[in-house]
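Below are the chains, spelled out letter by letter.
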Amino acid sequence: MYTCNVCGFDKLEWPQYLEDAAPNFIICECCGFQSGYDDLDLGKTFEEYRNEWIARGTPWTNPKKRPVNWVMKEQLLNIKA
Ligand SMILES: [Zn+2]
């Protein structure tokens, strides 16, 4: 399992970036960030996307993956500095 750089969701099935830092174009099931699109095509940083996602009310792309007692601020702690 891999962790999303934007929201800290730590159950991604694939890494967002490959070993050579090439984007893997996977969409986070939590925040919806797509590596290679939101960052390279749209030019957003992780922080910018995160702030926009929080401003939108932290919607889940795949609500079925959302834990019952999900706490956004705890999940954000998973992000590596
Ligand atoms: Zn995410």
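Residues take numbers from 1 onward in each chain, read along the sequence in its written order. Thresholds applied to this predicted model are a pLDDT of at least 70 for local features of residues and 80 or more for the giving and counting of side-chain atom pairs; totals over whole chains, interfaces and linings are not thresholded and use all residues. Hydrogens and water are ignored here; the side-chain numbers use all heavy atoms of the structure.

Q: Got a minute to help me understand unusual backbone geometry in this structure?
A: Glycine aside, residues mostly have negative phi, and peptide bonds are mostly found in the trans state. One non-glycine residue, Ala21, lies in positive phi territory at about 70°. Under the scheme used here, helices are H or I runs from DSSP no shorter than 4 residues and strands are E runs no shorter than 2 residues, and both carry numbers assigned from the N terminus. Considering the arrangement of structural elements, one finds Ala21 in the segment before α1 (37-41). Only protein chains enter the accessibility calculation, which uses a 1.4 Å probe. A residue is then buried if its area is under 20% of the maximum for its type, exposed if over 50%, and partly exposed in between. Judged by its relative accessible area of 55%, Ala21 falls in the exposed class. In this model, Thr58 sits at a positive phi of 50°, which is unusual for a non-glycine residue. One can find Thr58 in the loop between α2 (46-55) and α3 (72-76). Judged by its relative accessible area of 11%, Thr58 falls in the buried class.

Q: How do you make sense of the coordination of the zinc ion when you look at a structure like this?
A: For a metal with four tetrahedral donors the ideal donor-metal-donor angle is 109.5 degrees, whereas six octahedral donors ideally subtend 90 or 180 degrees. Within the protein, the zinc ion binds to Cys4 (SG), Cys7 (SG), Cys28 (SG) and Cys31 (SG); these donor distances fall in the range 2.2 to 2.3 Å. Geometry at the zinc ion is tetrahedral, judged from the 4 donor atoms that bind it and their angles of 104 to 113° at the metal. Keep in mind that water is not among the atoms, so a site may look incomplete; donors are the N, O and S atoms within 2.8 Å of the metal, or 3.2 Å for Na, K and Ca. Linear spacing of the donor residues for the zinc ion on their chain is C-x2-C-x20-C-x2-C. Here the residue Cys4 occupies a position in the segment before α1, and Cys28 occupies one in the segment before α1, the gap between them amounting to 24 residues. Per residue, the accessibility class of Cys4 equals that of Cys28, and both read buried. When four donors show all angles between 85 and 135 degrees the site is tetrahedral, when four or six donors have opposite pairs over 155 degrees and all other angles between 65 and 115 it is square planar or octahedral respectively, and in every other case it is irregular.

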